[in-house]
Amino acid sequence: MIRNVVVGVVSDGVTAEQVEEALQALRDLRVEGLEFDLLAGQDRGLREGNASYCLTVDFPDDEAYRVYDADEEHNRIRRELFAPMSTEIRRIQFALPGHDA
């Protein structure tokens, strides 16, 4: 099993509502023939210097991640919603311990 983690920082002036709209677009995303588990949320502000939002997406294997990563609607959401409001976006994909990838 592969976990994709995305952490982003938004520009000054971006509202919590704008971030939530983008996150909800990903929560609502369906990719034909692909099962994945996506969780997403905004920072609670409990510590100074945190990122603004985070999402995790679990996939059965590397190929499923690649299908998700190449999906047209997924890329539209990244391009039109996340890219304009984010000053930084970091990603990592890793195999979950105890799960064959």
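Predicted, not measured: the structure shown is a model, and the values here were computed from it. (Residues numbered from 1 in each chain as written. Predicted model: local features only at pLDDT ≥ 70, side-chain atom pairs only at ≥ 80, totals over all residues. Heavy atoms only, no water.)

(A) Expanded view of the overall build of the protein chain. A tally of helices and strands in the protein chain yields three helices and four strands. Taken from N to C terminus, the helices and strands of the protein chain fall in the order β-α-β-β-α-α-β. Relative to its length of 101 residues, the protein chain is compact, with a C-alpha radius of gyration of 14 Å against a globular reference of 13 Å. With the C-alpha coordinates aligned to their principal axes, the bounding extent of the protein chain is approximately 40 × 30 × 20 Å. Here the protein chain holds 101 residues, and 32% of them are scored as buried. Partitioning the contacts of the protein chain with sequence separation of at least 6, the portion at a separation of at least 24 is 73%. Looking at the protein chain as shown, the accessible area adds up to about 6,500 Å², and 47% of this sits on carbon and sulfur atoms. Taking the 11 positively charged and 21 negatively charged side chains of the protein chain as two groups, their mean positions are separated by 4 Å. (Helix = DSSP H or I, 4+ residues; strand = E, 2+ residues; numbered from the N terminus. Rg over C-alpha atoms; globule rule 2.2 N^0.38 Å. Buried < 20%, exposed > 50% of the residue type's maximum accessible area, 1.4 Å probe, protein only. Contact = heavy atoms within 4.5 Å. Areas by Shrake-Rupley, 256 points an atom, 1.4 Å probe, with all protein chains shown as cover. Lys, Arg positive; Asp, Glu negative; His and termini not counted. Charge placed at Lys NZ, Arg CZ, Asp CG, Glu CD.)

(B) Region of the structure containing the side chain of S52. Following the sequence through the fold, S52 ends up in the loop between β2 (37-42) and β3 (53-59). Not counting residues within four places of it along the chain, the set of residues in contact with S52 comprises G8, V9, V10, Q42 and D43.

(C) Region of interest: the sheet that holds strand β1 (residues 2-10). The strand order across the open sheet built from four strands is β2-β3-β1-β4, with neighbouring strands paired in antiparallel fashion. Every other strand in the sheet has two partners, leaving β2 and β4 (86-95) as the edge strands with one partner each. Geometrically, the sheet is characterised by an average inter-axis angle of 10° between neighbouring strands, direction not taken into account. Examined bridge by bridge, β1 and β4 share nine bridges and lie antiparallel to one another. Looking at the pairing, G8 lines up with I89 of β4. Packing of helix α2 (residues 62-70) onto the sheet brings it into contact with β1, β2, β3 and β4, and relative to β3 it is tilted by some 130°. (Pairing = 2+ DSSP bridges. Axes fitted to C-alpha atoms, helices over the stretch in contact; angles between N-to-C directions.)

(D) Looking closely at the environment of V14. With respect to the secondary-structure elements, V14 resides in the loop between β1 and α1 (16-28). Spatially, the C-alpha atoms of V14 and M85 are 6.5 Å apart, while their sequence positions differ by 71 residues.

(E) The pattern of salt bridges, seen in detail. On inspection of all chains with the given rule, the structure shows six salt bridges. Taking the shortest distance from any N to any O, the salt bridge between D58 and R3 comes out at 2.6 Å. Taken together, the residues D58 in strand β3 and R3 in strand β1 connect sequence positions 55 residues apart. Where E80 meets R76, a salt bridge forms, and the shortest distance between an N and an O atom there is 2.9 Å. (Salt bridge = Lys/Arg side-chain N within 4 Å of Asp/Glu carboxyl O.)

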